[in-house]
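# Remarks on the overall topology
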Amino acid sequence: MDRIHIRGGQRLRGSIQIGGAKNAALPLMAASLLSEETLTLSNLPHLVDITTMTHLLAELGVEVGMNGHAPNGGHVGRVFELTAHDVGKTVAPYEVVRKMRASVLVLGPLLARYGKGKVSLPGGCAIGTRPVDVHLGALEQMGAVIELKEGYIVAHAPDGLHGAHITFPMVSVGATENLLMAATLAKGETVLSNCAREPEITDLARCLVAMGAQIQGIGSDTLRVQGVDKLHGAKYSVLPDRIETGSYAVAAAVTGGDLTLLGTRMDLIESVAEVMKKCGVNFEEVDGGVRVWCDGPIRGVDVMTEPFPAFPTDMQAQFMVMMAVSDGASMITESIFENRFMHVPELNRMGANINVHGRSAIVRGVKKLSGAPVMATDLRASMSLVLAGLAAEGETTVNRVYHLDRGYEALEQKLSACGAIIEREKGAPAE
Ligand SMILES: CC(=O)N[C@H]1[C@@H](OP(=O)(O)OP(=O)(O)OC[C@H]2O[C@@H](n3ccc(=O)[nH]c3=O)[C@H](O)[C@@H]2O)O[C@H](CO)[C@@H](O)[C@@H]1O
Ligand SMILES: C=C(OP(=O)(O)O)C(=O)O
C-alpha cells in the first residue's frame, strides 16, 4: 500500500484548485439510473470513490463515456456521460459495495425505475456502525417490500413505488438522497420531512429538476415531490468540494501560510470559516475563489459537529489538528458518528495533548507537533494526519493512504505546488 512522507514546518503559499465534491458526485452519478437518456456530469473529481461508483453503475448496465483531461497539467474536472439503457440489471454486489458505503444510493433509483433492487448491506466502518434502517423504513412507506437475505437488501415494489408522507426519524444525508431519487418516479406526491439540508442534497435536487423532476422546497428540511412517468437526460456540473476547501484552509492555518483556494465558494464553508475566524484565521473572497491566511497564533475554540448548516463532521478531524497546535484549549464534540476519534491516538503520538471523554475530545494546544510514522484509519482522519505532518517538526510517514485517495485528488501535487515537502512512496495496490 502507498505511504506519504512529509517533512513539516514549511509555510504554504500559493493557489490550490478545488475539485468537484465527492459527496455530491456520488448521488448525482446514481441519479443516472433514473433515466434511459444520457446524464452528462462535469467537474467530477479524480477520486477512487468515483471509479468505484463507475464500476458499480457499469455492473448495473449503465454505459459510461468519459471525457476531460488536464491539458498542460492543469486541473480539469472529468466529464462523464452516463446512459442507463433499460437493461434491468439490479444487483449491486458485495465486492463493490464493501469498498464504498455510498453504493447504497443506487437502491432508491433501482426501485423507482425497475421496481426491484438487490444491494449488498454496506456494513459498519471505522467511524461507526452506520446502519441503513432509515433508508429502508422510508422506502417501505412508499410500497417497497424489503427483506435482508445473506448480507443483501432484497427489495421489490410489485406495484411500483407510490407517494407517501415520510418524516425521517433522524437527519440522514444518504436517506434523504435515496428517497428523493425514489420519489421522482413514484406515483403521486411524496412529502419528505426532517430532511438533511447539505449543499450536496441541493445539488442533487437541482440536477433532478434539470432531468424533469418536480421538486419543491429545495434547500429546506421539507421536500415535496410530484412523481413523473419518466426523467430525461440533462447536463449538470458538480458543485465544489466544501470539505476539500475546508481541509486546505486548515493547511493554511496550521502552517502560518497563505493559500488561495480556486473554484470554490465562501458560502459553502460558512460554518467552518466562522469558527476558524474566531481562532484567528483570515478569509477573503477573491476573484475565482477564497483566500485563507494566518499570521498570528491560533486560539482554541469549542466546536460541536451537527447536520448542515452547522459545523460538519467531515471537518472534525482536520479542525482538531488546528486545535492541537493552538494557544489554549478546546472541546470538540462529535454528535453525528459514535466512533469518529480514531485520529486522536495517532495525533497524540505526534505530541498532541488530546483526551477523549465519550463523544467529546478535550484538546490542549501544544507549541509543536513532532513528525512520526502514523496509521490512517478513515478518510478525514487520514487528512488530519497529513495536516499534522505539515505542521510538525521533522518527518511524518502516513501509512494506509488508500483512504485519502477516496476523497482527495492529487493531494501531493496540490500541496507541493504551495511549498510542502511531500511525496508518495508507491506500494502494493490496496485490496
Ligand atoms: C457519501 C456521503 O455523502 N457521505 C456523507 C454522508 O454519509 P451518510 O449519508 O452515510 O450519513 P448520514 O447522514 O446518513 O448519517 C448520520 C447519522 O445517522 C445514522 N443513520 C443514518 C442512516 C440510517 O439509516 N440509520 C442511521 O442510524 C448514521 O449512522 C450516522 O450516525 O453524510 C455524513 C454526515 O454528514 C458524512 O459524514 C458523509 O461524508
Ligand atoms: C465519511 C465520508 O464518506 P463516506 O460516507 O463515503 O464514508 C467522508 O466523506 O468523510
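Residues numbered from 1 in each chain as written. Chains lettered and ligands numbered in written order. Predicted model: local features only at pLDDT ≥ 70, side-chain atom pairs only at ≥ 80, totals over all residues. Heavy atoms only, no water.

### Some words on the nonpolar core
Core analysis: the biggest nonpolar cluster contains 77 residues, and Val106 and Leu208 have the highest contact counts within it. Here this core takes seven residues from helix 1 (residues 22-31), the largest share from any one element. Dropping the residues within four chain positions of it, valine 106 is found in contact with Ala30, Leu33, Met53, Leu56, Leu57, Leu60, Ala92 and Val119. (Core = buried A, V, L, I, M, F, W, Y, C linked by side-chain atoms within 4.5 Å. Buried < 20%, exposed > 50% of the residue type's maximum accessible area, 1.4 Å probe, protein only. Helix = DSSP H or I, 4+ residues; strand = E, 2+ residues; numbered from the N terminus. Contact = heavy atoms within 4.5 Å.)

### Digging into the pairing of strand 20 (residues 353-357)
Here five bridges tie strand 20 to strand 21 (residues 360-364), and the two strands are oriented antiparallel to one another. Paired with asparagine 353 across the two strands is arginine 364, which belongs to strand 21. Here strand 20 folds back onto strand 21 in antiparallel fashion, the turn holding two residues, of which glycine 358 has a positive phi close to 60°. (Pairing = 2+ DSSP bridges.)

### Thoughts on the environment of leucine 259
Inspection of the secondary structure assignment puts leucine 259 in strand 15 (residues 258-262). The exposure class of leucine 259 is buried, given its relative accessible area of 0%.

### Examining the side chain of threonine 264
Secondary-structure assignment places threonine 264 in the loop between strand 15 and helix 9 (270-278). By relative accessible area, which is 6% here, threonine 264 ends up buried. In contact with threonine 264, other than residues within four places in its own chain, are Ile18, Pro240, Thr245, Gly288, Gly289 and Val290.

### Focus: the site of ligand 2
Around ligand 2, the surrounding shell consists of Lys22, Asn23, Ile127, Arg130, Asp314, Arg340, Leu379, Arg380 and Arg406. For ligand 2, an oxygen atom lies 2.9 Å from a polar atom in the side chain of lysine 22. In the environment of ligand 2, an oxygen atom lies 2.6 Å from a nitrogen or oxygen atom belonging to the side chain of arginine 130. The fraction of the free accessible surface of ligand 2 (300 Å²) that becomes covered by protein chains is 88%. Where the shell around ligand 2 is concerned, the elements lending two or more residues are helix 1 and helix 12 (379-391). In terms of residue class, the shell around ligand 2 is built from two nonpolar, one polar and six charged. (Near = heavy atom within 4 Å. Polar contact = N/O pair within 3.5 Å; in protein donor to acceptor, adjacent residues only side chain to side chain. Areas by Shrake-Rupley, 256 points an atom, 1.4 Å probe, with all protein chains shown as cover. Nonpolar A, V, L, I, M, F, W, Y, C, P; charged D, E, K, R; others polar.)

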